[in-house]
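Examination of the molecular architecture
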Amino acid sequence: MSPRSASVNEAMRRRSRERLLQATVELIEERGYEATTLADITQRAGSARGLVSYYFSGKRALLQSAVHRLMAGELADALEREPRTEDGQELLARAIDAMLGMSTGHITLMRTHMASILQEEGFIQCPEQQRLAQLLRDTVTCWGAADPEEEYRLLRALLMGASVALLLPGAPMPVLRLRAELFQRYGLAWTAGAPPPGAEDYDPASGNRRPPVVRGAPAPLA
């Protein structure tokens, strides 16, 4: 049997790394961070224990890469969904909604992730984080940012702040209110993007629910 080519070996390593990242997301959402061991992750991924040490410096690095991979995937799907568009405002609205949706749809995972990146080491530079950053930079560039790098950093900070507000145990901020603030900051139409449930009955200017429309009711007097 002839030896595998370098490209085949690289593809196998990439698939192994992807399985580790996916297993990390699944297990932390099922069991939580502390109850998930590296042995659990490698068993779920069907990978050798040594592969974790080969790719990652430890469980925290594995966690951050796994979450950044998920975030980048969710963002890419949102930006590329049908109908495809190059409209910068629509793309930024989709990006914001995708990132807010990460916090509301993956509460345990995102709480763990936010606690991790707020530690002294902060962001861990990895391919997944770099892909997420580039997607956001490209989005603010398309939106028309004068300085895409500065605007990317500001958007990242605003999204992180919104995530903390959504995930704060016992006192979470409503997602519609946070969305309204972000959309106002960037001049986005409320109906753009992928509005979360309840958005159609929400007045972003006042922060209140709109009164229900009663069909057949007389029009209000001027």
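In short, a report on the structure. (Residues numbered from 1 in each chain as written. Predicted model: local features only at pLDDT ≥ 70, side-chain atom pairs only at ≥ 80, totals over all residues. Heavy atoms only, no water.)

Here we take up the overall build of the chain. Across its full length, the chain carries 9 helices and 2 strands. Taken along its principal axes, the extent of the C-alpha atoms in the chain is 85 × 40 × 35 Å. Considering the chain as a whole, with its 222 residues, one finds that 43% of them fall into the buried category. The long-range fraction of contacts in the chain, counting pairs at least 24 apart against all pairs at least 6 apart in sequence, stands at 65%. For the chain, the exposed area adds up to about 12,500 Å²; of that, 55% sits on carbon and sulfur atoms. (Helix = DSSP H or I, 4+ residues; strand = E, 2+ residues; numbered from the N terminus. Buried < 20%, exposed > 50% of the residue type's maximum accessible area, 1.4 Å probe, protein only. Contact = heavy atoms within 4.5 Å. Areas by Shrake-Rupley, 256 points an atom, 1.4 Å probe, with all protein chains shown as cover.)

What follows covers helix H7 (residues 127-143). Across its 17 residues, H7 extends 24 Å between first and last C-alpha, which sits within 8% of the 24 Å expected from 1.5 Å per residue. Taken residue by residue, H7 has Glu128, Gln129, Leu132, Ala133, Leu135, Leu136, Thr139 and Val140 as its buried positions. Mapping the buried residues of H7 onto a view down its axis gives an arc of 160°, with all of them on the same face. The first or second residue beyond H7 is Gly144, which carries a positive phi of 115°. (Expected span 1.5 Å × (residues − 1). Arc of directions from axis to C-beta.)

That is the geometry; function is a separate question.
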